[in-house]
Amino acid sequence: LILGLTPPPSLAVTASECNASGVYLFTNATTNVSSCLECPPNFYCPAASHLLRSCPSLASSPPSSPSPASCTCPPDTYFANISGTLHCAPCTSCAPGTSRLNACPSGATIDSVTCTACPPATEGVGVAPVCTSCRAGTYAPGSSAV
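Residues numbered from 1 in each chain as written. Predicted model: local features only at pLDDT ≥ 70, side-chain atom pairs only at ≥ 80, totals over all residues. Heavy atoms only, no water.

Some thoughts on the pairing of strand 6 (residues 85–90)
Okay, step 1: As paired elements, strand 5 (residues 77–82) and strand 6 share 6 bridges and run antiparallel to each other. Its bridge partner being in strand 6, Phe 79 is matched across the sheet by Cys 88.
Okay, step 2: Where strand 5 hands over to strand 6, the hairpin turn is made up of 2 residues, of which Ser 83 adopts a positive phi near 55°. (Pairing = 2+ DSSP bridges. Helix = DSSP H or I, 4+ residues; strand = E, 2+ residues; numbered from the N terminus.)

Take a look at the structure:
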């Protein structure tokens, strides 16, 4: 059986034959013929569930993904459990005059961003991991770029 193709009626499968992870049971409503299909991108298909499940909003996954762990949030977001539902939530944005000590990598499950004030005569843009010397014609009293 080739995944992704609807088989002729003689090759139709039953739910018990479609137990592998990364595939789901599809039944054509017109012909009532069932087949095992590869789980498409942005979905996951657990073993023995026969179901196609969507990754959380904004998350993506490769084809044939077997579990929600295959879903990843885009950069600068993390998986947040809000009222029992996973969402890709934005990571902390650091204010101007600060730098970001930690990144918020793709696939993060916590907001790991820590902001720190830049020392005098330096500036930060809030997304860079370091503070830089003030540009010509600017100054930074205390820790705020002006």
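Section: the confidence of the model for the protein chain
Okay, step 1: The predicted model of the protein chain averages 76 in pLDDT, with 76% of residues at 70 or higher.
Okay, step 2: Mean pLDDT across the elements of the protein chain bottoms out in strand 7 (residues 98–100) (73) and peaks in strand 3 (residues 43–44) (93).
Okay, step 3: Of the regions scoring below 50 in pLDDT, residues 5–10 engages in 9 contacts with residues more than four places distant in sequence or in other chains. (pLDDT = per-residue confidence, 0-100. Contact = heavy atoms within 4.5 Å.)

What to know about the state of the cysteines
Okay, step 1: In this structure the tally under the stated criterion is 3 disulfides.
Okay, step 2: The residue that forms a disulfide with Cys 55 is Cys 71, at a sulfur-sulfur distance of 2.0 Å. Between Cys 55 and Cys 71, the S-S torsion sits near -75°, and that sign places the bridge as left-handed. Taken together, the residues span a long stretch of sequence, with Cys 55 in the loop between strand 4 (53–54) and strand 5 and Cys 71 in the loop between strand 4 and strand 5 at a distance of 16 residues. Taken as a pair, Cys 55 and Cys 71 share a single burial class, namely buried.
Okay, step 3: Across the disulfide from Cys 73 sits Cys 88; the S-S distance is 2.1 Å. Taking the sign of the S-S torsion, about -90° here, the bridge from Cys 73 to Cys 88 comes out left-handed. With Cys 73 in the loop between strand 4 and strand 5 and Cys 88 in strand 6, this residue pair connects regions lying 15 residues apart in the sequence. (Disulfide = S-S within 2.5 Å. Buried < 20%, exposed > 50% of the residue type's maximum accessible area, 1.4 Å probe, protein only.)

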